[in-house]
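Structural overview
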Amino acid sequence: MSDQAQAPQTPAAPTPSARPDRRPLVRLENVQKHFGALHVLRDIDLTIAEGEVVVVIGPSGSGKSTLCRTINRLETIGSGRITIDGKALPAEGKELARLRADVGMVFQSFNLFAHKTVTENVTLGPIKVRGIGAAQAGKRAEELLARVGLADQGAKYPAQLSGGQQQRVAIARALAMDPKVMLFDEPTSALDPEMINEVLDVMTSLAKEGMTMVVVTHEMGFARRAADRVVFMADGAILEDTDPETFFTAPRHDRAKDFLSKILTH
């Protein structure tokens, strides 16, 4: 974590703003997380409704990626409670594997299997975890690769694709599990600038189709365009939780104002 351990700002708690007309799908209640002496998640309360797109932003070391990774238990929490569709996160074993099948994840690095073709990468999870037949999984892979603009790339290997194409395969692979929610942990940060938009365009279309999404990103244009809510974090705490227009035009906290002044003027 690159932020120095400094006394965190302790603002009034942000007003929870999950869509009241939709059922809660992801809920974090009083979540705490330490890495040794470093308190990386402080009193996190966050509810994400079905079909909502929540973009999490903040300075480096603010706890954004850790927050994202706790939702499918890639990171354990010290205390508090996380539920997915009303069910508490299981500790391990088959129940945890089932939960992870419901929570798609796209990382900074593409994490594709280099020795498998694009189609094999997309079909592996549905066949092994969901028990779907190879023919059905293959048909679904064709549909998803077309959806992310890679209809003619199924027979290639990851090394034969650009970074942007590999990340779109990673999105198709996550979608193949038919997840209830998709987590994106800085999915464009490892990409060359000209490849970023091709990935963001796929993510924007998913948002428009009603996919529940939690997106950690530095892409402010995407946050303004696609988010239902922007969550701003600093020093492991949520300082703002509001709609994009309010956040970008009238942030309440000095840390948010400072953050925006630095990134929006470059």
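Residues numbered from 1 in each chain as written. Predicted model: local features only at pLDDT ≥ 70, side-chain atom pairs only at ≥ 80, totals over all residues. Heavy atoms only, no water.

1. Brief notes about the sheet that holds strand S8 (residues 213–216)
Judged by pairing direction, the sheet is mixed, and its six strands sit side by side in the order S6-S7-S8-S3-S9-S10 without closing on themselves. With partners counted over all chains shown, the strands left at the sheet margins are strand S6 (103–106) and strand S10 (237–242), one partner each. Each adjacent strand pair in this sheet contributes to an overall mean axis angle of 15°, direction not counted. Sheet topology places strand S7 (residues 181–185) next to S8; four bridges connect them, and they run parallel. Its bridge partner being in S8, Phe184 is matched across the sheet by Val215. Together, strand S3 (53–57), strand S9 (229–234) and S10 form the strand contacts of helix H9 (residues 254–263), whose direction differs from that of S9 by roughly 100°. (Pairing = 2+ DSSP bridges. Helix = DSSP H or I, 4+ residues; strand = E, 2+ residues; numbered from the N terminus. Axes fitted to C-alpha atoms, helices over the stretch in contact; angles between N-to-C directions. Contact = heavy atoms within 4.5 Å.)

2. Quick word on the layout of surface pockets
As a volume, the largest pocket reaches approximately 500 Å³. Together, 20 residues line the largest pocket, and Arg100, Met105, Gly125, Arg173 and Met177 are the ones closest to its centre. The greatest single-element share of the lining of the largest pocket, amounting to five residues, is contributed by helix H3 (residues 118–128). Here the lining of the largest pocket is composed, by residue class, of 12 nonpolar, five polar and three charged. (1 Å grid on protein atoms, 1.4 Å probe; cavity = no way out; pocket = protein on both sides within 12 Å on 5 of 7 lines; lining within 4 Å. Points joined across faces, edges and corners; volume = space filled by probe spheres on them. Nonpolar A, V, L, I, M, F, W, Y, C, P; charged D, E, K, R; others polar.)

3. Concerning helix H6 (residues 193–208)
With 16 residues, H6 should cover 22 Å at 1.5 Å per step; its first-to-last C-alpha distance of 23 Å lies within 8% of that length. Restricting attention to buried positions, one finds in H6 the residues Met195, Ile196, Val199, Leu200, Val202, Met203, Thr204, Leu206 and Ala207. Turning to H6, the residues buried within the fold contact S3, helix H4 (134–147), helix H5 (163–175), S7, S8 and helix H7 (220–226). Looking at the residues trailing H6, positive phi occurs at Gly210, about 95°. (Expected span 1.5 Å × (residues − 1). Buried < 20%, exposed > 50% of the residue type's maximum accessible area, 1.4 Å probe, protein only.)

4. As for the pairing of strand S2 (residues 38–49)
Consecutive side chains along a regular strand alternate between the two faces of the sheet. Two elements, strand S1 (residues 24–35) and S2, share eight bridges in a ladder whose sense is antiparallel. Residue pairing in the sheet places Val26 in a bridge with Ile48 of S2. Between the end of S1 and the start of S2, which pair antiparallel, lie two residues, with Gly36 showing a positive phi angle near 60°.

5. Let's talk about the sheet that holds strand S5 (residues 87–88)
Spatial strand order, S2-S1-S4-S5: four strands in an open sheet with antiparallel pairing. One side of each edge strand has no neighbouring strand; the edge strands of this open sheet are S2 and S5.

6. Considerations on the UniProt feature "domain: ABC transporter" (unreviewed entry) in the protein
In the numbering used here, UniProt assigns the feature "domain: ABC transporter" (unreviewed entry) to residues 26–260. A helix fraction of 39% and a strand fraction of 26% characterise residues 26–260, whose end C-alpha atoms lie 27 Å from each other. (UniProt positions renumbered as here; feature names shortened; annotations may be inferred.)

7. Overview of the pattern of salt bridges
A complete count under the given rule lists 16 salt bridges for this structure. The partner of Glu50 in a salt bridge is Arg23, with the nearest N and O atoms 3.0 Å apart. Here the residue Glu50 occupies a position in the loop between S2 and S3, and Arg23 occupies one in the segment before S1, the gap between them amounting to 27 residues. The class of Glu50 is partly exposed, set by a relative accessible area of 36%. Among the salt bridges present, the one from Lys262 reaches Asp258, with a minimum N-O distance of 3.2 Å. (Salt bridge = Lys/Arg side-chain N within 4 Å of Asp/Glu carboxyl O.)

8. Details of the packing of aromatic side chains
Enumeration according to the criterion identifies three aromatic pairs in this entry. Ring plane angle 80° and centroid distance 5.3 Å describe the contact between Phe247 and Phe248, whose orientation is recorded as edge-to-face. Note on Phe248: relative accessible area 8%, which makes it buried. Following the ring pairs from residue to residue traces out a cluster consisting of Phe232, Phe247, Phe248 and Phe259. (Phe/Tyr/Trp six-rings, centres within 6.5 Å; stacked < 30°, edge-to-face > 60°.)

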